Structure formats: structure tokens, C-alpha cells
Amino acid sequence: MLTRYTLPICDHDGSLSVEQFSVNKIICIGRNYAEHAREMGHDPEREPPFFFFKPQSALAQNNTDFIYPHFSQQVEHELELVVAIGKSGAQISVADAADYIFGFAVGLDMTCRDRQKEAKKLGRPWELGKGFDGSAPCTAIQRGSLTTLEQYGDLVLTRNGEEVQRGNWRTMVWSIPELIVEVSRYIKLEAGDLIFTGTPAGVGQVTPGDALCASLEGFSQELTIVITKKQS
């Protein structure tokens, strides 16, 4: 039975396992695609990656409604490849980083952009804009390695059937092994951690009634959510 902080596990053919992936930390990488950095008004030079966290309560399973936050007027989608960590480690080397990968998923970093901008302007943390309940929808975790990841193509997001975001994970500024190394410099990675690896260009606003479908070409799982407004 699924609990609030677990995700299904599937094999390469999409068949679900009886096992569940218990989610621990949700770690999100910022500005890891050059074009996205530019569209957000930043210099895409290859600086050390930065990251932030979402609480477990941000996790949302596939095929669930996304409740539009009542405290925001500008909620945006950010399409992301998600790396699931399979064992614990700190100060991980590049040579060993691949051994810590359990598998992959497709996720969305749903963002209250107005709240994020306001926090930046005031020099405050981003939690209100990034870490609200349900802000990290995610597919089942498909077991895999960097070798199997090579079989997959572009990340694609559609809104109401129209393509709104597309990017290839191979164009990330910092590769998956490099991200694992960098994050593990500061915190211990543990089995159950999820790393949202950053979004390509094309982030955009959503409104209640929108249906989003996120996918990775060749990958067995698609993420589908519907934007709804909480009934008063």
C-alpha cells in the first residue's frame, strides 16, 4: 500500500514492483540548463551548482490533482529529470557517483514565482515559493543506471495537449555524477533521496483547469496532473 511519502518502483517495461521507494530528502538543483538561466535573467557561466530543499509534504504521486495555492497569482511549471538515490554516502567521488543511483523519474518543480521573486527581493529564503504542499509531483521510480539513461531522449512537457517545454538532459551544465559529488560535499546522501536535476528553458504559468503531461522520450513513465482550485 502506498503511503504519503513513498513512490512506486517499476522495471524498464513499466511493470510495477511490489516494492515501494521510501522518499527521504527532496533536493532541487537550481539553474542547471544554460537557456533556462538566461530566461530567468542570469549569466549561465559554469559556476558551482547550488541547491535547495523541498519537504516531504511537497511530494505528489502521479495522476493526482495539483491544488493551486491560494496565496499565489503566478504558479509556474518546471520540468525535471529526477535521480533516485539508492544508498548512503558522503564526500562521494566522481568515480563512485554512479554506484549511488537507484533509478530515475520525471518530476515537476511547481513554483509560486511571485512568492519566489518577492523573497529574493527581500533577501529571504524561497520556501514559500518552492516548498508548499504538493509542489513536487513525480512519476514512479524506474530502476536504472547511467547506462540505461543513455537510451532516453528529450524531456517534454505538454499543457492541454500543446508542447510548452522541451530539453535534453545531456545539456545540463552539471552532469548527474557531478551533482552527486557536489551535494554530498555538504550533506550525507541517503537511500530514498530524490535529486531534481534542474529545468530546461520554457517554464511557464499554469491556471486551474490545465492538464500537464511530463515525459522523457523512451522512458516507461509519464507524469500527468490536473491543476485544480481548492473548493471553498
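Scoring rules and cut-offs
- Residues numbered from 1 in each chain as written.
- Predicted model: local features only at pLDDT ≥ 70, side-chain atom pairs only at ≥ 80, totals over all residues.
- Heavy atoms only, no water.
- Pairing = 2+ DSSP bridges.
- Helix = DSSP H or I, 4+ residues; strand = E, 2+ residues; numbered from the N terminus.
- Phe/Tyr/Trp six-rings, centres within 6.5 Å; stacked < 30°, edge-to-face > 60°.
- Buried < 20%, exposed > 50% of the residue type's maximum accessible area, 1.4 Å probe, protein only.
- Lys NZ or Arg CZ within 6 Å of the ring centre and 35° of its normal.
- Core = buried A, V, L, I, M, F, W, Y, C linked by side-chain atoms within 4.5 Å.
- Contact = heavy atoms within 4.5 Å.

Visitor: I keep staring at the sheet that holds strand 7 (residues 75-77) and nothing clicks. Help me out?
Guide: What holds strands together in a sheet is hydrogen bonding between their backbones, with the strands either parallel or antiparallel. Across the sheet, 3 strands lie side by side as 10-7-16; this open sheet has antiparallel pairing. Of all strands in the sheet, those bounded by a partner on one side alone are strand 10 (111-112) and strand 16 (204-205). Taken together, the 2 bridges between strand 7 and strand 16 define a ladder with antiparallel strand orientation. Bridging across to strand 16, histidine 77 finds its partner in glycine 204.

Visitor: Even after reading the chapter, I still don't get the packing of aromatic side chains, so can you show me in this structure?
Guide: Given two aromatic rings, one states the distance between the centres and the angle between the planes to describe the pair. One pass over the full model with this rule turns up 8 aromatic pairs. Seen from their ring centres, phenylalanine 51 and tyrosine 186 are 6.3 Å apart, and the 50° between their planes marks the pair as tilted. Taken together, the residues phenylalanine 51 in strand 4 (residues 50-54) and tyrosine 186 in helix 6 (residues 176-186) connect sequence positions 135 residues apart. On the accessibility criterion, tyrosine 186 (52% relative accessible area) is exposed. Three or more aromatic residues joined by ring pairs form one cluster here, namely Phe50, Phe52 and Trp126. Sitting over the ring of tyrosine 100, lysine 87 keeps its end group 4.7 Å from the ring centre.

Visitor: Looking at this structure, how should I read unusual backbone geometry?
Guide: In most cases, non-glycine residues show a negative phi, while peptide bonds are predominantly trans. Despite not being glycine, arginine 31 shows a phi value in the positive range, around 50°. If you trace the backbone, arginine 31 turns up in the loop between strand 3 (26-30) and helix 1 (34-39). The exposure class of arginine 31 is partly exposed, given its relative accessible area of 33%. The backbone of asparagine 63 sits at a positive phi, close to 60°, despite the residue not being glycine. Locating asparagine 63 in the fold gives a position in the loop between strand 5 (59-61) and strand 6 (64-68).

Visitor: It is not clear to me how the nonpolar core should be interpreted in this structure. Could you clarify?
Guide: Here is a general trend for soluble globular proteins: nonpolar side chains tend to be buried in one another's company. By size, the foremost hydrophobic cluster in this structure holds 43 residues, and its most contacted members are Leu108, Met110, Ile176, Ile180 and Leu216. Looking at this core, the elements with two or more residues in it are strand 3, strand 6, strand 8 (79-85), strand 9 (101-108), strand 13 (154-159), helix 6, strand 17 (211-216) and strand 18 (222-229). At 5 residues, the largest contribution of residues to this core is made by helix 6. Here isoleucine 180 is in contact with Ile85, Ile92, Ala97, Ile101, Leu189 and Ile195, once residues within four sequence places are set aside. Counting residues in hydrophobic clusters, the runner-up holds 17 residues, among them Phe21, Ala105, Ala136 and Leu194.

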